[in-house]
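Survey of secondary and tertiary structure
Chain by chain, the residues run as shown.
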Amino acid sequence: VLQDFCLTDSDIQFIAQHDILVSGHWGNIHQRLPEIRATGIPIAFDFATKLWDEVYETAIQSVDYAFFSGEQNDSYTRDTLESMCKWGVKIAVCTLGEQGSLAYDGQQFYEFGVVPCEVKDTMGAGDSYIAGFLIGVLKNLPVIDCMKMGAESSSITLQNFGAW
């Protein structure tokens, strides 16, 4: 659907009037992220499970808050978070499903579990986590509180079938 999507200069001006830009791997705006970042607006980006491809290589240089989905809290995941921060990312986060989430702010790692709930459908849970986390960011909360807000938001989505 977004194969031919392209932001215009007026789109970028409109985006710059807001508190934060949230996009992701399939948003097809990675080529314009340097221009958007130059406006001063923070950028959050969901890399999903698509690390180390062309979109990643282009986008990571302009991202303030990076998110991706992983499988476990291991050296690969921690190395990836550290690598993201070396590119200039302020906070890099990996969601780990039932294992919660792991974040890195360039200095320290943070771990947060899950908010227990009756899981009906996982669709949209990662997006809900990102939304909750970023609300915490916009409120200038500590990283661990942002992670908690992400987990709480995700748990609401998990309890509903067909989030999309």
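Report follows, based on the coordinates.

Turning next to the packing of aromatic side chains. What the rule picks out here adds up to 6 aromatic pairs. Linked through ring pairs, Phe45, Phe47, Trp52 and Tyr56 together constitute an aromatic cluster. In this structure, Arg78 is placed above the aromatic ring of Phe109, and the distance from its NZ or CZ to the ring centre is 4.4 Å.

Next up on the list: the packing of helix H5 (residues 125–138) against helix H6 (residues 143–158). Close contact between H5 and H6 brings their axes to 7 Å; oriented N to C, the two are set at 145°. H5 and H6 meet at a crossing whose hand is right-handed. Contacts between H5 and H6 involve Ala125, Ser128, Tyr129, Gly132, Phe133, Ile135, Gly136 and Val137 from the former and Val143, Cys146, Met147, Met149, Gly150, Ala151, Ser153, Ser154, Thr157 and Leu158 from the latter. Here the residues of the contact of H5 with H6 sort into 11 nonpolar, 7 polar and no charged.

What follows deals with the pattern of salt bridges. In the structure shown here, the tally under the stated rule is 5 salt bridges. Note that Asp64 and Arg37 form a salt bridge whose closest N and O atoms lie 3.1 Å from each other. Here the residue Asp64 occupies a position in the loop between helix H3 (54–59) and strand S3 (65–69), and Arg37 occupies one in helix H2 (residues 33–38), the gap between them amounting to 27 residues.

Parameters at a glance
- Residues numbered from 1 in each chain as written.
- Predicted model: local features only at pLDDT ≥ 70, side-chain atom pairs only at ≥ 80, totals over all residues.
- Heavy atoms only, no water.
- Phe/Tyr/Trp six-rings, centres within 6.5 Å; stacked < 30°, edge-to-face > 60°.
- Lys NZ or Arg CZ within 6 Å of the ring centre and 35° of its normal.
- Axes fitted to C-alpha atoms, helices over the stretch in contact; angles between N-to-C directions.
- Helix = DSSP H or I, 4+ residues; strand = E, 2+ residues; numbered from the N terminus.
- Left-handed = near helix turned anticlockwise from the far one by under 90°.
- Contact = heavy atoms within 4.5 Å.
- Nonpolar A, V, L, I, M, F, W, Y, C, P; charged D, E, K, R; others polar.
- Salt bridge = Lys/Arg side-chain N within 4 Å of Asp/Glu carboxyl O.

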